[in-house]
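Coordinate inspection notes
Here are the chains, one letter per residue:
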Amino acid sequence: MEELGLSKGNYIPLYIGDDITDEDAFAELQGQGIGILVGEHDDKTAATYRLESVDEVRVFLEDLTDTIKKINHG
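Structural notes, computed from the coordinates. (Residues numbered from 1 in each chain as written. Predicted model: local features only at pLDDT ≥ 70, side-chain atom pairs only at ≥ 80, totals over all residues. Heavy atoms only, no water.)

1. Remarks on the environment of Ala46
Counting through the fold element by element, Ala46 comes out in the loop between strand E2 (34-38) and strand E3 (49-51). Put simply, Ala46 and Leu29 are 17 residues apart on the chain and 8.7 Å apart in space, counted from C-alpha to C-alpha. Sequence-distant contacts of Ala46, that is, excluding residues within four places in its chain, are made with Glu23, Phe26, Ala27 and Gln30. (Helix = DSSP H or I, 4+ residues; strand = E, 2+ residues; numbered from the N terminus. Contact = heavy atoms within 4.5 Å.)

Okay, structure coming up:
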């Protein structure tokens, strides 16, 4: 966030990952953003939310985009 110049302002980072290797990012976002695990793995996750599949990610992102458009053009 700092490196991208996004640490100040009204930004909410959203990280979507599907693997145990994404857990560092999920942990880093706790209290600062939203982590979404796609599927599941055997260990405990630091992700805030979970989606079942890539298809659910697509639906989520489409709905999020529609909501943002409505807010901005409301």
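So, next bit.
2. Description of the layout of surface pockets
In this structure, the largest pocket occupies an estimated 220 Å³ of space. The wall of the largest pocket is formed by Met1, Glu2, Leu6, Ser7, Gly9, Tyr11, Pro13, Glu28, Leu29 and Gln32. Grouping the amino acids of the lining of the largest pocket by side-chain chemistry returns five nonpolar, three polar and two charged. (1 Å grid on protein atoms, 1.4 Å probe; cavity = no way out; pocket = protein on both sides within 12 Å on 5 of 7 lines; lining within 4 Å. Points joined across faces, edges and corners; volume = space filled by probe spheres on them. Nonpolar A, V, L, I, M, F, W, Y, C, P; charged D, E, K, R; others polar.)

3. Some points on the pattern of salt bridges
A full pass over the atoms with the stated rule returns three salt bridges. For the salt bridge of Arg50 with Glu52, the shortest nitrogen-to-oxygen distance reads 2.9 Å. With relative accessibility at 40%, the residue Arg50 sits in the partly exposed group. Judged by its relative accessible area of 47%, Glu52 is partly exposed. (Salt bridge = Lys/Arg side-chain N within 4 Å of Asp/Glu carboxyl O. Buried < 20%, exposed > 50% of the residue type's maximum accessible area, 1.4 Å probe, protein only.)

4. Regarding the pairing of strand E1 (residues 14-17)
Pairing of E1 with E2, which is carried by four bridges, proceeds in the parallel orientation. Opposite Gly17, over in E2, you have Leu37 as the bridge partner. With helix H1 (residues 23-29) bridging E1 and the parallel E2, this β-α-β connection has right-handed handedness. (Pairing = 2+ DSSP bridges. Right-handed = clockwise from strand over helix to strand, strands pointing away.)

5. Quick word on the side chain of Glu23
Locating Glu23 in the fold gives a position in helix H1. Of the side chains bearing the opposite charge, Lys44 lies closest to the buried Glu23, which forms no salt bridge; the N-O distance is 9.3 Å. At 2.7 Å, the side chain of Glu23 and the side chain of Thr45 are in polar contact. Once you skip the residues sitting within four places of it in the chain, Glu23 turns out to touch His41, Lys44, Thr45, Ala46 and Ala47. (Lys, Arg positive; Asp, Glu negative; His and termini not counted. Polar contact = N/O pair within 3.5 Å; in protein donor to acceptor, adjacent residues only side chain to side chain.)

6. Notes on a nonpolar patch on the surface
A contiguous nonpolar patch, built from Leu14, Leu61, Leu64 and Ile68 and spanning about 290 Å² of accessible area, is present on the exposed surface. Tallying contributions element by element places helix H2 (residues 54-73) first for the nonpolar patch, with three residues. In this structure, Leu14 sits in strand E1. Given a relative accessible area of 36%, Leu14 falls into the partly exposed group. (Patch = residues over 30% accessible without salt bridge, like charges linked within 9 Å, V, L, I, M, F, W, Y side chains within 5 Å. Areas by Shrake-Rupley, 256 points an atom, 1.4 Å probe, with all protein chains shown as cover.)

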